[in-house]
Number of protein chains: 2
Amino acid sequence: MNDRPGLRERKKAKTRASIQKEALRLFREQGYAATTVEQIAEAAEVAPSTVFRYFATKEDLVLVDQFPPFIEALRALPPELGPVSAVRRALRAAVEAQTPEERADSLERERLMATVPELWAASLKGVTGEIRTLQETLAAREGREPDDPEIRNITGAIAGVLVALWFAWVRDPGMDALAEADQALAHLEAGLPLT
Amino acid sequence: MNDRPGLRERKKAKTRASIQKEALRLFREQGYAATTVEQIAEAAEVAPSTVFRYFATKEDLVLVDQFPPFIEALRALPPELGPVSAVRRALRAAVEAQTPEERADSLERERLMATVPELWAASLKGVTGEIRTLQETLAAREGREPDDPEIRNITGAIAGVLVALWFAWVRDPGMDALAEADQALAHLEAGLPLT
DNA sequence: CATATTTTGAGAGTAGACTCTCATTTGAGA
DNA sequence: TCTCAAATGAGAGTCTACTCTCAAAATATG
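Rules used throughout
- Residues numbered from 1 in each chain as written.
- Chains lettered and ligands numbered in written order.
- Predicted model: local features only at pLDDT ≥ 70, side-chain atom pairs only at ≥ 80, totals over all residues.
- Heavy atoms only, no water.
- UniProt positions renumbered as here; feature names shortened; annotations may be inferred.
- Helix = DSSP H or I, 4+ residues; strand = E, 2+ residues; numbered from the N terminus.
- Near = heavy atom within 4 Å.
- Polar contact = N/O pair within 3.5 Å; in protein donor to acceptor, adjacent residues only side chain to side chain.
- Nonpolar A, V, L, I, M, F, W, Y, C, P; charged D, E, K, R; others polar.
- Salt bridge = Lys/Arg side-chain N within 4 Å of Asp/Glu carboxyl O.
- Contact = heavy atoms within 4.5 Å.
- Buried area = accessible area lost by both parts, 1.4 Å probe.

Draft legend 1. Structural detail: the UniProt feature "DNA-binding region" (unreviewed entry) in chain A. Per the UniProt entry, the sites bearing "DNA-binding region" (unreviewed entry) are residues 36-55 of chain A in this numbering. End C-alpha to end C-alpha, residues 36-55 of chain A measures 14 Å, and it is 70% helix and 0% strand.

Right, here's the structure in full:
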């Protein structure tokens, strides 16, 4: 009847974290495809079969959910706000809710994913699901069907603008991603004028 | 000195087409992952190793470049047109230049690519390059740098809207993809109002 | 301490994409 | 028809993600 997880649970969490950490390091250093599960197991000092006990597939070693906080922030915003404006605020809120450490970590991970084609590819299944969720959430805010073409276009445009920014950021890591994202969404909200 | 390719070349083209055709049929009927190269070889009445002589990887059986015609159409349009409007016309021009057969074929292919995560992932490297090309082309039309944030946003929004439509179309193959694309771009051009 | 449960390691096994080799066939050209 | 080069078939072989089994080790519990 102990709140604190027992030794067994703590050890499991540690093992899991260690496997994932080593995997990401190897992926970064030598590429996704070129890294075998065996190497990961060895680096994490664990048997290969243990890796599969923690992560069903190799791809799962990369996938992480940072999306729910954003969606929750979005759902919490009043529906009077337009979709783009709401996304803008939710994004800011979600980022600001992270500790600096979490933020650095997720930036590194995003960077890794965008840099290594195999990883970007591997994360794709998740990304499309996330965009679909965004679409459904925006639709709900406006009291429309998720497949409403206008909602679909807006969702697509938001995602497209952010992904384009993501790629630009990868080429120039110096930029302030959050500020740029805010500006980009503002530009989108204004109807994408060429000034 | 015959213009017409010799028997050998014609046979090769035929074999290649036959392999690809059977592969697409099997993918459609029983799924991509569930179809083995061996089955494809058998259906095309060819040895498995022959399949790999024509297509370096299983993924290559699906991937195709239809992008250049579109970009050329875009480059040919007068720069007075706004970016979105130009893309709209170029898209229409590129599609209309296809024979009905080519069109049906590429729709089928697109469908497979959007449906099967491995393929969508495999085509990703190409897609990102294409979007970059689009961005550069639009920038040139406007006399701007390719990395101009406004150009980047517009390019991202166009791509996002079209990709969102693509996915909607996959869920509902009945829709007229070209007409919908035209409408979606018109909506984008109007600033994505919610009516 | 003793027993029950969970987790792990070791390793054998499967499937399927992809490679290589070599003998055989087939079309090209004189 | 004869010779040469290219294409093919047959099949053995590799690589790696992923599965399964079972016994040993670690941990929980009384």
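Draft legend 2. Just the protein's contact with DNA strand C, in detail. Taken together, 20 residues lie around DNA strand C, and A:K12, A:T50, A:Y54, B:K11 and B:K58 are the ones closest in. A distance of 3.0 Å separates a phosphate oxygen of DNA strand C from a polar atom in the backbone of A:A47. Looking at the surface near DNA strand C, the elements that each hand over two or more residues are α1 (7-30) and α3 (48-54) of chain A together with α1 (7-30) and α3 (48-54) of chain B. No other element matches α3(A), which puts 4 residues into the surface near DNA strand C. The residue inventory of the surface near DNA strand C, partitioned by class, reads 6 nonpolar, 7 polar and 7 charged.

Draft legend 3. Spatial organisation of the pattern of salt bridges. Here the structure, examined in full by the defined rule, presents 25 salt bridges over all chains. In this structure, A:E189 engages A:R88 in a salt bridge whose closest nitrogen and oxygen atoms are separated by 3.3 Å. Residue A:E189 is located in helix α10 (residues 177-189), and its partner A:R88 is located in helix α5 (residues 83-96); the two are separated by 101 residues in the primary sequence. Among the salt bridges present, the one from B:D147 reaches A:R171, with a minimum N-O distance of 3.2 Å.

Draft legend 4. Representation of the protein's contact with DNA strand D. The environment of DNA strand D is formed by 20 residues, the closest being A:R8, A:K11, A:K58, B:K12 and B:T50. Sugar plus phosphate: this is where 60% of the atoms of DNA strand D within 4 Å of the protein reside. In the model, a phosphate oxygen of DNA strand D is placed 3.1 Å from a nitrogen or oxygen of the A:V37 main chain. Here B:T50 contributes a side-chain N or O atom positioned 2.5 Å from a phosphate oxygen of DNA strand D. Looking at the surface near DNA strand D, the elements with two or more residues in it are α1 and α3 of chain A together with α1 and α3 of chain B. Take the surface near DNA strand D: its biggest share by element is 4 residues, from α3(B). Its residues assigned to classes, the surface near DNA strand D comprises 6 nonpolar, 7 polar and 7 charged.

Draft legend 5. Expanded view of the interface of chain A and chain B. Contacts between the two partners involve 34 residues from chain A, matched on the other side by 34 residues from chain B. The junction of chain A with chain B conceals about 2,800 Å² of combined surface from both sides, 64% of it contributed by carbon and sulfur atoms. On the chain A side of the interface with chain B, the three residues burying the most area are A:R152, A:N153 and A:L194, jointly 22% of the side's total. Summed over the shared surface of chain A and chain B, the number is 3 salt bridges. There are 8 residue pairs in polar contact (both at pLDDT 80 or more) connecting chain A and chain B.

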